[in-house]
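# Understanding the architecture of this molecule
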Amino acid sequence: MLFFSAPNIISIADVIKSLTERVDESSTFSICVTREQMVERGIKQWQRQKKSSPKNALRVTFIGEAGIDNGALKTEFLTEMMSGIEKRFFEGGDGGKNPKYSITDLDKHNFKVIGEIFAVSIAQGGPPPNFFSQWCYKYISTGEVDQEAITERDITDPEVLELIKEAADNTTVMEFTDRILSCGYTGAVSFEKKKRFSVVLHSTVRLLPMLQQIASGLKLYDLLSLVQEETDICRQLFVPGSFCKVDADFLMKSLSPSFSETGTMRRARESKVVNFLQDYLQDMEDEGESKDDRDNRPEEESMGEEDKAEKHTNTHINVSKFCQWLTGQSHIPLSHADRENFKIVIEFDHDCSVRYGTHTICYPVVNACSRSVTFPIAHLSCTYMEFKNVISQAITHGYEFGRI
């Protein structure tokens, strides 16, 4: 095992730089997956890869797509894996999440793989796993659990929450003895100790093996030692609150349009498209909460499977998804320098009718590796609704990398 001597760490940028320098570029760690069931398939292929190590540079191939990974496919894979891991293996709210209790995943060493994916994502340009609860991060960074500091707000297991409610509503807890002990409590069960159950019943103890496996995976690039040495700085990478989500303002400030000469008709049409783009991003941002509400409306129960799929596809386009469609990533770069250098080049195509003759539709052409997009002016500059429909269709159906 290699041990790295960390340089003087004073910021999160120093942490990321230190980890990036520890990636072994002499070989590649190749993952080949489909876009369907990416989390489960990704973890399985990660474990099965024997020819190299995740300490090497990650390279990703999406089966059936012609794209060559020059960085964007890797970033998109890590983005999708991070989002999928959070949903599949963690539970809780925006304030922080705990691992789900799963002996099956523990036996398969899935949590160790998850820790390795976290390390690779931080070191190689992916998003950070900044969804851990405070107590989980403290355990990973110190190896200790401060049970006195844990409250009901830290409980994420629905069964434990229900048990606490039932125990609080009854004058005796003896009927709950077996369930209490199964949550990890080892003391004598008595009515006098009922008030302590809000701390013990949330089953911190039974989650520790999952956290230990994650910590084992974080030994990649010696990240775990860095977390233990620079606990406060590294906290930003694991606990919510330090990094803002991608929003319309960030993306608009990142745009670098290649405008035609000022005063020309082409320039006027290009400016109109850029204005449409700003409206589109801001509308998605404003409609975010209402779209989440519509996803849970009762009428969905009467829909067929195809209608449900189409509805969810259309309503899950948001600013982060738009950023991922353009660049492969849905997060704001972690360091200040990377944020300053994050630019999206916009080109404008005025001549599609010359090349293709009479036709009804053209979609934007995206090069995620170079973070650039070419907008077909003839199909986007008439009305805002036309622009919105074309872009939404492109995002919904255009994630695959089909050009090289």
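Residues numbered from 1 in each chain as written. Predicted model: local features only at pLDDT ≥ 70, side-chain atom pairs only at ≥ 80, totals over all residues. Heavy atoms only, no water.

### Section: the side chain of Thr79
With respect to the helices, strands and loops of the structure, Thr79 is situated in helix H3 (residues 72-89). Judged by relative accessible area, which is 4%, Thr79 ranks as buried. One polar contact links the side chain of Thr79 to the main-chain carbonyl oxygen of Thr75, over a distance of 2.8 Å. Those residues within four positions of Thr79 in sequence are excluded, and the remaining contacts are Pro127, Gln324, Gly328, Gln329, Ser330 and His331. (Helix = DSSP H or I, 4+ residues; strand = E, 2+ residues; numbered from the N terminus. Buried < 20%, exposed > 50% of the residue type's maximum accessible area, 1.4 Å probe, protein only. Polar contact = N/O pair within 3.5 Å; in protein donor to acceptor, adjacent residues only side chain to side chain. Contact = heavy atoms within 4.5 Å.)

### Details of the confidence of the model for the protein
On average, residues of the protein carry a pLDDT of 83, and 77% of them reach 70 or more. Helix H5 (residues 110-123) holds the highest mean pLDDT among the elements of the protein, 97, whereas helix H15 (residues 305-315) holds the lowest, 43. Between residues 294-303, whose pLDDT stays under 50, and residues either more than four places distant or in other chains, the model counts 12 contacts. Note on residues 305-315: pLDDT is under 50 here. Beyond four places in sequence and across chains, it has 14 contacts. (pLDDT = per-residue confidence, 0-100.)

### Regarding unusual backbone geometry
Even without glycine at this site, Gln37 takes up a positive phi of about 50°. Structurally, Gln37 is set in the loop between strand S1 (24-33) and helix H2 (38-48). Positive phi outside glycine occurs at Arg371, with the angle close to 50°. Inspection of the secondary structure assignment puts Arg371 in the loop between strand S7 (365-367) and strand S8 (372-376). When its relative accessible area of 25% is taken as the criterion, Arg371 is described as partly exposed.

### Quick word on the sheet that holds S7
Where strands meet in a sheet, backbone hydrogen bonds hold them as pairs that are either parallel or antiparallel. Taken together, four strands build an open sheet; the order of strands is S5-S6-S8-S7 and the sheet is mixed. Unpaired on one side and paired on the other, strand S5 (255-257) and S7 mark the two borders of the sheet. Ignoring strand direction, the axes of neighbouring strands in this sheet form an average angle of 20°. As judged from the three bridges shared by S5 and strand S6 (residues 344-349), these two strands associate in the parallel manner. Each bridged residue has a counterpart across the sheet, and for Ser256 the counterpart in S6 is Val345. Contacting S6, S7 and S8, helix H16 (residues 319-327) runs over the sheet at an angle of about 75° to S7. (Pairing = 2+ DSSP bridges. Axes fitted to C-alpha atoms, helices over the stretch in contact; angles between N-to-C directions.)

### Topic: the packing of aromatic side chains
The relative placement of two aromatic rings is captured by the distance of their centres and the angle of their planes. Here the structure, examined in full by the defined rule, presents 18 aromatic pairs. Site record: aromatic cluster; members linked through ring pairs are Phe276, Tyr280, Phe322, Trp325, Phe375, Tyr384 and Phe387. A cation sits over an aromatic face here: Arg35 above Phe62, 4.1 Å from the ring centre. The ring of Phe89 carries the charged tip of Arg88 above its face, separated from the ring centre by 4.1 Å. (Phe/Tyr/Trp six-rings, centres within 6.5 Å; stacked < 30°, edge-to-face > 60°. Lys NZ or Arg CZ within 6 Å of the ring centre and 35° of its normal.)

### What about the pattern of salt bridges?
Inspection of every chain in the model, using the stated rule, returns 10 salt bridges. Across the pair Glu21 and Lys17 runs a salt bridge, and its minimum N-O distance is 2.6 Å. Residue class for Glu21 comes out exposed when judged on its relative accessible area of 52%. Linked through salt bridges whose partners overlap, the residues forming this network are Arg35, Glu65 and Glu76. (Salt bridge = Lys/Arg side-chain N within 4 Å of Asp/Glu carboxyl O.)

### Brief notes about a positive patch on the surface
A cluster of basic residues, Arg41, Lys44, Arg48, Lys50 and Lys108, forms a positive patch on the protein surface. Of note, Lys108 is situated in the loop between helix H4 (103-107) and H5. (Patch = residues over 30% accessible without salt bridge, like charges linked within 9 Å, V, L, I, M, F, W, Y side chains within 5 Å. Areas by Shrake-Rupley, 256 points an atom, 1.4 Å probe, with all protein chains shown as cover. Lys, Arg positive; Asp, Glu negative; His and termini not counted. Charge placed at Lys NZ, Arg CZ, Asp CG, Glu CD.)

### Focus on the side chain of Asp105
In this structure, Asp105 sits in helix H4. Of the residues examined, Asp105 reaches a relative accessible area of 5% and is grouped as buried. Non-local contacts of Asp105, meaning those with residues more than four positions away in its chain, are made with Arg88, Phe89, Asn110, Phe111 and Gln213.

### Here's the deal with the nonpolar core
Judged by nonpolar contacts, the single largest core of 62 residues is most densely connected at Phe77, Phe118 and Phe132. For this core, the leading source of residues is H5, giving nine residues. For Phe118, the residues in contact, after removing those within four places along its chain, are Met82, Ile85, Phe90, Pro129, Phe131, Phe132, Ile214 and Leu218. In terms of nonpolar packing, the next biggest core, distinct from the first, is built from 34 residues, Val246, Leu255, Tyr280 and Phe387 among them. (Core = buried A, V, L, I, M, F, W, Y, C linked by side-chain atoms within 4.5 Å.)

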